[in-house]
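# Report on the structure
Chain by chain, the residues run as shown.
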Amino acid sequence: MPVSLAMIAEEAPDGARAKLLQFSHMLQCRECPSWLYQVDMGATTIWERWDSMQPDGTVNSGEMTSFNHYALGAVADWLHRVVGGIENAGSGYDRILFRPRPGGGVSHAKCELASPYGRIASGWQITDGTFSVTVEVPPGAGAELVMPDGTRHTLTNGEHRYACRWAADR
């Protein structure tokens, strides 16, 4: 199952709008099986199985119950790169490509990661037809920001804020 989810996720950024919408619905579901079920149950990592913790808070008594597992976590990479917009464009994040790609009913997102150069962060929101983004580039790294309207910005270290018009039909 994780492989097929990764395939849906990877096709979505290249214009497969229906797949992006389908994938976004999967991400936003709150009932088990789903990622948000895990969050609602207090998860801070991705579990090995959808129901590692039961609705009453007890741990699933079956085998293979890990609370920090990659299999279903493959989606986290997609969330960081596509929804959050943080991509490694060099070696060890010495170059960063910020390219958030909103869609599927998601109106805001924030993500960050610890790189060898320091904290990398991206946060964006869509309000009243405006897409606004704030990104953070660590010292010693360079970056490029690609806005949803195609505008490009070359960035140095520090915090940067930009905005552009947002059309819901993108």
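We now turn to the structure provided with this report. (Residues numbered from 1 in each chain as written. Predicted model: local features only at pLDDT ≥ 70, side-chain atom pairs only at ≥ 80, totals over all residues. Heavy atoms only, no water.)

### What about the packing of aromatic side chains?
Summed over the entire model, instances satisfying the criterion amount to five aromatic pairs. Relative to W50, the ring of W35 lies with its centre 4.9 Å away and its plane at 80°, an arrangement referred to as edge-to-face. Placement of the pair is W35 in helix α3 (residues 35–40) and W50 in the loop between α3 and α4 (74–84), with a sequence separation of 15 residues. With a relative accessible area of 8%, W35 lands in the buried category. Arranged with centres 6.3 Å apart and planes meeting at 90°, the rings of Y37 and W47 form a pair that is edge-to-face. Residue Y37 is found in helix α3, and its partner W47 is found in the loop between α3 and α4; the two are separated by ten residues along the sequence. Here the two residues Y37 and W47 agree in accessibility, since each one is buried. Members of the aromatic cluster, connected to one another through ring pairs, are Y37, W47 and F67. (Phe/Tyr/Trp six-rings, centres within 6.5 Å; stacked < 30°, edge-to-face > 60°. Helix = DSSP H or I, 4+ residues; strand = E, 2+ residues; numbered from the N terminus. Buried < 20%, exposed > 50% of the residue type's maximum accessible area, 1.4 Å probe, protein only.)

### Here's the deal with the pattern of salt bridges
Inspection of the entire model under this criterion finds nine salt bridges. Between R81 and D77 there is a salt bridge whose closest N-O contact spans 2.8 Å. You can see R81 and its partner D77 sitting in helix α4, four residues apart, about one turn around the helix. Of the charged contacts, one joins R152 and E144 as a salt bridge, the two residues approaching to 3.0 Å between their closest N and O atoms. You can call R152 exposed: its relative accessible area is 53%. For E144, a relative accessible area of 23% translates into the label partly exposed. A single salt-bridge network, built from bridges that share partners, covers E87, R99 and R101. (Salt bridge = Lys/Arg side-chain N within 4 Å of Asp/Glu carboxyl O.)

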